[in-house]
Amino acid sequence: LDAVLAARYYLCMDKTREQTAMRVSRVTIACNVALSAFKMFAGVRANSAAMVSDAVHTVSDVFSTVIVIVGVKLANRSSDKEHQYGHERFECVAAIVLAVALFATGAGIGWSGARRIAFSVEGVFQTPGKLALIAAVASIAAKELMFWYTRFAAKRVGSSALMADAWHHRSDALSSVGSFAGVLGARLGFPVLDPAACALISLLILKVSVDIFRDAVGKMTDRACDEETTAGIRAVVLAQARVRGVDQLKTRLFGDRIYVDVEINADGDCTLREAHETAQRVHDAIEQEFPAVKHCMVHVNPTD
């Protein structure tokens, strides 16, 4: 009965994660399409290289959200013969693809900014119009709202792909801040500041892409949980009846889920049934206290 209830619980949680990710993705795609079109129009009309670069970055957000949708869909598929431990790591794959795409976008924007700086030094430059400033302010507000909205959903359901998408929104908000500063500076008589903002935007995007990539790779290479989580698991184990100590505790991240292997001490004179009951109690307590734990293996060592 416990096994059936646990299976139903995880199935319900996976469905909730998928539904939440799909809902958030639909909202952000609609917002990004409208915002990128407005920023591109404003950038071209107001002769702002920074705003055009910002618009391209927003278009990449649409692509990244599509990657998130595909990753979450694949990650929530049930276990099968070829993938007996599930498909959770597909979310990490999606995050890695997103990071690579984001890096390419940042590099392209940086190259464009460098060329514009060279042109402005040579005197080939047009002062951007007021429309670019309005677009920058609108973009900052919209992207920051999307960041908090997506980040809240990602933390609630524990999705690394959704969290990566949230930080993509934040990088776009930061790039819009750079666009605003560059356009304002250019209008105040410092034309080189507009393309310089492109270079700054590109550095911000590159940093975010590297952070996303490192986090996703860490989760795909059986990285252990943080010390706080490990200490919490150890405390839960030691709080169970008949447990005399913890000989070994290992954790590893499997996508956004956790696998736990623990060896406990128990009275060497207890019966096999009692030892099994102790192990089962430890197993159930860990999965109850830490919902992210997908699998827990408990081994009992006898002690005098």
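Everything discussed here concerns the structure shown above.
Residues numbered from 1 in each chain as written. Predicted model: local features only at pLDDT ≥ 70, side-chain atom pairs only at ≥ 80, totals over all residues. Heavy atoms only, no water.

**Quick word on the overall build of the chain**
Working step 1: Helix and strand counts for the chain come out as eight helices and three strands.
Working step 2: Counted from the first residue to the last, the chain has its helices and strands arranged as α-α-α-α-α-α-α-β-β-α-β.
Working step 3: When each of the 304 residues of the chain is scored for burial, the buried share is 46%.
Working step 4: Taking the contacts inside the chain whose residues are at least 6 apart along the sequence as the reference set, 75% of them involve residues at least 24 apart. (Helix = DSSP H or I, 4+ residues; strand = E, 2+ residues; numbered from the N terminus. Buried < 20%, exposed > 50% of the residue type's maximum accessible area, 1.4 Å probe, protein only. Contact = heavy atoms within 4.5 Å.)

**Overview of the pairing of strand β2 (residues 257–267)**
Along a regular strand, successive side chains alternate from one face of the sheet to the other.
Working step 1: For β2, the tally of buried residues reaches eight of eleven residues, placing the bulk of the element in the interior.
Working step 2: Bridging between strand β1 (residues 245–254) and β2 involves nine bridges; their strand directions are antiparallel. Bridge assignment links Thr251 to a residue of β2, and that residue is Val260.
Working step 3: For β2 and strand β3 (residues 293–303), the ladder comprises ten bridges, and the chain directions are parallel. Within β3, the residue paired with Asp261 across the bridge is Met297.
Working step 4: Handedness of the crossover joining β2 and β3 through helix α8 (residues 272–289): right-handed. (Pairing = 2+ DSSP bridges. Right-handed = clockwise from strand over helix to strand, strands pointing away.)

**Regarding the nonpolar core**
Working step 1: With 25 residues, the main nonpolar core has Val68, Leu162 and Ile212 as its most contacted residues.
Working step 2: The set of elements that each furnish at least two residues to this core consists of α1 (2–45), α2 (49–75), α3 (89–121), α4 (130–157), α5 (160–187) and α6 (193–220).
Working step 3: Top contributing element to this core by residue count: α3, with seven residues.
Working step 4: Apart from residues no more than four positions distant in its own chain, Ile212 is found in contact with Ala95, Leu98, Ala99, Leu102 and Ala164.
Working step 5: Membership of the second largest hydrophobic core comes to 20 residues, among which are Val237, Ile286, Val293 and Val298. (Core = buried A, V, L, I, M, F, W, Y, C linked by side-chain atoms within 4.5 Å.)

**Let's talk about α5**
Working step 1: Its 28 residues give α5 an end-to-end C-alpha distance of 41 Å, which sits within 8% of 40 Å, the value for a rise of 1.5 Å per residue.
Working step 2: Along α5, 20 of the 28 residues are buried, which leaves the element largely enclosed by surrounding structure.
Working step 3: Positive backbone phi, at 110°, marks Gly189, one or two positions downstream of α5. (Expected span 1.5 Å × (residues − 1).)

**Concerning a nonpolar patch on the surface**
Working step 1: Among the surface-exposed residues, Leu184, Leu188, Phe190, Val192 and Leu193 lie close enough to one another that they form a single nonpolar patch of about 450 Å² accessible area.
Working step 2: Relative to the helices and strands, Leu184 is located in helix α5. (Patch = residues over 30% accessible without salt bridge, like charges linked within 9 Å, V, L, I, M, F, W, Y side chains within 5 Å. Areas by Shrake-Rupley, 256 points an atom, 1.4 Å probe, with all protein chains shown as cover. Salt bridge = Lys/Arg side-chain N within 4 Å of Asp/Glu carboxyl O.)

**Regarding the sheet that holds β1**
Two orientations exist for strands paired in a sheet by backbone hydrogen bonds: parallel and antiparallel.
Working step 1: Read across the sheet, three strands follow the order β1-β2-β3 without closing on themselves; strand pairing throughout is mixed. Two strands close off the open sheet at either side, each with one partner strand: β1 and β3. Within this sheet the neighbouring strands show an average axis-to-axis angle of 15°, counted without direction.
Working step 2: On top of the sheet, helix α7 (residues 227–238) reaches β1 and β2; it is set at about 140° to β1, its chief contact.
Working step 3: Running at roughly 150° to β3, α8 makes contact with β2 and β3 of the sheet. (Axes fitted to C-alpha atoms, helices over the stretch in contact; angles between N-to-C directions.)

**Comments concerning the side chain of Ser139**
Working step 1: Mapping Ser139 onto the fold places it in helix α4.
Working step 2: A distance of 2.9 Å separates the side chain of Ser139 from the side chain of Lys39, its partner in a polar contact.
Working step 3: Not counting the four nearest positions on each side in its chain, Ser139 is found in contact with Leu35, Lys39, Asp54 and Ser176. (Polar contact = N/O pair within 3.5 Å; in protein donor to acceptor, adjacent residues only side chain to side chain.)

**Considering unusual backbone geometry**
Working step 1: Even without a glycine there, the phi angle at Arg242 is positive, about 70°.
Working step 2: One can find Arg242 in the loop between α7 and β1.
Working step 3: When its relative accessible area of 41% is taken as the criterion, Arg242 is described as partly exposed.

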